[in-house]
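Structural characterization, general
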Amino acid sequence: MTLAIYLTQDEQRVTHAQIRELNADEFPDRDVTVAVDYSTLNYKDALAITGKGRVVRQFPIVPGIDLAGKISASRSPNWKVGDKVIVNGWGLGEEHWGGLAQQACVDSGWLTALPATMTTKEAMGIGTAGYTAMLSVLALEGHGVRADAGPVLVTGAGGGVGSISIAILARLGYQVVASTGRAAESEHLHSLGAAEVIDRQLFAAAGKPLQQEKWQAAIDCVGSHTLANVCASLRSGGVVTACGLAQGMDLPASVAPFILRGISLIGINSVYAKPELRTQAWGRLADSLPELHLDAIAREITLADTLRCASELIDGKVLGRVIVNVNG
């Protein structure tokens with residue numbers, strides 16, 4: 001028997017979440033089975049569990065967009081029993097059964113080898129949020145953003161992607177400016193490496209199509225008016241990555257900064273990133289582990305805590321990362 005978070009939906013499309021023991025034959029038939037050590041609780045998982053967002057595309061399902069553990073059965077020639085692996089994205093917890101269980105059945109093509117210097121708990125302390133942050137940093141580097149060329153803005157700085165972005169950028173020598181709506185987070189964000197913390201309200205409402213040039217680059221985790229204002233205030237040739245939509249999916253922006261300042265907007269698709277890019281990102285994250293402040297940005301809960309914590313996350317009461325010890 002395997003303990004899992006199990007989601008169903010009734011005829012009125014109301015989602016019901018419970019902790020349930022599942023038989024092996026209830027899991028999907030896929031070519032690799034992973035004995036899960038740790039998963040995570042992300043905003044998308046919380047939406048799925050609480051039913052407050054149309055995240056899940058087929059029921060019943062086990063949520064959880066992340067997992068890390070050891071292969072317990074494999075029909076793939078590329079992976080053997082005992083290999084330590086990470087799975088994130090690929091529709092996990094949305095279309096396919098995810099990581100909030102003691103076991104996961106997955107396609108071998110979804111697997112990334114756990115870096116040798118990283119534990120499964122550390123991997124989930126980083127999780128999809130940190131992996132997305134590193135994809136954003138790689139994109140900035142690929143577009144020529146340099147540590148000595150001026151400040152880099154991170155919006156949604158108190159969230160998982162934002163906080164790890166700050167830690168990575170600071171480690172690489174960038175001057176990081178963190179935007180947050182919670183003044184109480186300032187000390188925490190400074191401890192991660194932010195040189196300055198500013199109020200998110202500066203970006204939250206409609207602004208001018210061209211504004212004072214401030215940032216050489218930005219990592220935006222918010223979307224909507226925030227992303228539009230970030231674009232309007234980038235320096236000539238500036239670059240911004242878009243990886244979140246906490247404020248909204250719309251982009252009420254002007255083409256002016258793109259044409260008159262030659263800025264670039266890069267979308268970060270962490271769900272379906274190519275395996276080689278995933279391996280590069282996780283390798284860089286392993287190199288950065290000592291500076292990622294995982295103890296400060298992540299806390300551990302059990303499966304039994306997950307349903308309550310999902311509601312707290314939706315209500316904005318959770319800071320940073322949440323690691324789920326599925327065997328705790």
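For the structure itself, look to the data block above.
Structure report, in brief. (Residues numbered from 1 in each chain as written. Predicted model: local features only at pLDDT ≥ 70, side-chain atom pairs only at ≥ 80, totals over all residues. Heavy atoms only, no water.)

Let's talk about the overall build of the protein chain
Heads up, the condition is: Secondary structure counts use DSSP, requiring at least four H or I residues in a row for a helix and at least two E residues in a row for a strand, with both numbered from the N terminus. The globule rule used for comparison is 2.2 Å times the number of residues to the exponent 0.38, while the radius of gyration itself is calculated over C-alpha atoms. Between buried and exposed lies partly exposed: a residue is buried under 20% and exposed over 50% of the maximum accessible area for its type, with that area taken using a 1.4 Å probe on protein chains only. All accessible areas in this document rest on Shrake-Rupley with a 1.4 Å probe, and a residue is counted as covered only by the protein chains that are shown. Only four residue types enter the tally: Lys and Arg on the positive side, Asp and Glu on the negative side; His and the chain ends are excluded. Every charge is mapped onto a representative atom, which is NZ of Lys, CZ of Arg, CG of Asp or CD of Glu.
Helix and strand counts for the protein chain come out as nine helices and 15 strands. Here the C-alpha radius of gyration of the protein chain, 20 Å, is about what a compact globule of 328 residues would show, namely 20 Å. With respect to the principal axes defined by its C-alpha atoms, the protein chain has extents near 60 × 45 × 35 Å. When each of the 328 residues of the protein chain is scored for burial, the buried share is 53%. Counting only carbon and sulfur atoms, one obtains 49% of the accessible surface of the protein chain, whose full area is about 14,000 Å². Where the 27 positive side-chain charges of the protein chain centre and where its 32 negative ones centre are 4 Å apart.

Points about the sheet that holds strand β11 (residues 215-220)
Just so we agree on the cut-off: Two strands make a pair as long as DSSP finds a minimum of two bridges between them. Every axis corresponds to a line fitted to the C-alpha atoms, with the helix fit spanning only the stretch in contact, and the corresponding angles, defined between N-to-C directions, vary from 0 to 180 degrees. In what follows, a contact means two residues having at least one pair of non-hydrogen atoms within 4.5 Å.
The parallel open sheet is built from six strands, whose spatial order is β10-β9-β8-β11-β12-β13. Only two strands of the sheet have a single partner each, and these edge strands are β10 (196-199) and β13 (264-267). The sheet shows a mean angle of 20 degrees between the axes of neighbouring strands, taken without regard to direction. Across four bridges, strand β12 (residues 234-242) lies against β13 in parallel orientation. Across the sheet, residue T241 finds its bridge partner in β13, namely I266. The strands touched by helix α2 (residues 120-142) within the sheet are β8 (152-154), β11, β12 and β13, with β11 carrying the most contacts at an inclination of about 155 degrees. Contacting β8, β9 (176-180) and β11, helix α3 (residues 160-171) crosses the sheet at an angle of about 160 degrees to β8.

Examining the pairing of strand β2 (residues 15-22)
As defined by bridge partners, strand β1 (residues 2-9) adjoins β2 across eight bridges and the pair is classed as antiparallel. Paired with L7 across the two strands is A17, which belongs to β2. A loop of five residues connects β1 with β2, the two strands running antiparallel in sequence, and R13 in this loop sits at a positive phi of about 65 degrees.

Notes on unusual backbone geometry
Of note, the bond from F59 into P60 is cis; its omega dihedral lies within 30 degrees of zero at -10 degrees. For R13, which is not a glycine, the phi torsion comes out positive at approximately 65 degrees. With respect to the helices and strands, R13 occurs in the loop between β1 and β2. The backbone phi angle of W90 is positive, close to 60 degrees, even though this residue is not glycine. Within the element layout of this structure, W90 appears in the loop between β5 (84-88) and β6 (103-106). With relative accessibility at 15%, the residue W90 sits in the buried group.

Points about the pairing of strand β14 (residues 298-302)
Spelled out, the test is: Crossovers are described as right-handed under a simple rule: with the strands pointing away from the observer, the path leading from the first strand over the helix to the second runs clockwise.
With five bridges joining them, β14 and strand β15 (residues 321-325) adopt parallel strand pairing. Following the sheet pairing, I301 is matched in β15 by V324. For the crossover that starts at β14, traverses helix α9 (residues 303-314) and ends in the parallel β15, the hand is right-handed.

Remarks on the side chain of T155
Condition: Nitrogen and oxygen atoms within 3.5 Å of one another constitute a polar contact, given that in protein one can donate a hydrogen and the other can accept it, and given that sequence-neighbouring residues count only through two side-chain atoms.
By the secondary structure assignment, T155 is in the loop between β8 and α3. There is a polar contact of 2.6 Å between the side chain of T155 and the side chain of D220. Discounting chain neighbours no more than four positions away, the residues touching T155 are S179, I219, D220, C221, V222, T226 and V230.

Examining the pattern of salt bridges
Rules: Should a side-chain nitrogen of Lys or Arg be within 4 Å of a carboxyl oxygen of Asp or Glu, the pair is scored as a salt bridge.
If you walk through the whole model with that rule in mind, you get 16 salt bridges. Connected through shared salt-bridge partners, R299, D305, R308 and E312 make up one network.

Description of helix α5 (residues 224-232)
An α-helix turns once per 3.6 residues; consequently, residues spaced three or four apart project the same way. Counting buried positions along α5 gives eight out of nine residues, so the element sits mostly inside the fold. When α5 is considered as a whole, its buried residues turn out to be S224, T226, L227, A228, N229, V230, C231 and A232.

A closer look at the nonpolar core
Counted only if it meets this: Here the nonpolar core consists of buried residues drawn from Ala, Val, Leu, Ile, Met, Phe, Trp, Tyr and Cys, with membership extended through side-chain atoms lying within 4.5 Å.
Core analysis: the biggest nonpolar cluster contains 50 residues, and M118, I166, L285 and L292 have the highest contact counts within it. Here the element with the most residues in this core is α2; it accounts for twelve residues. Counting 43 residues, the second-largest nonpolar core is a separate cluster that includes A4, Y6, W90 and V326.

Considering the environment of A17
Turning to its location among the elements, A17 is positioned in strand β2. Here A17 falls in the partly exposed class, since its relative accessible area comes to 29%. Between the C-alpha atom of A17 and that of V318, which follows or precedes it by 301 residues, the distance is 20 Å. Beyond its immediate chain neighbours, meaning those up to four positions away, A17 contacts Y6, L7, I49 and L307.

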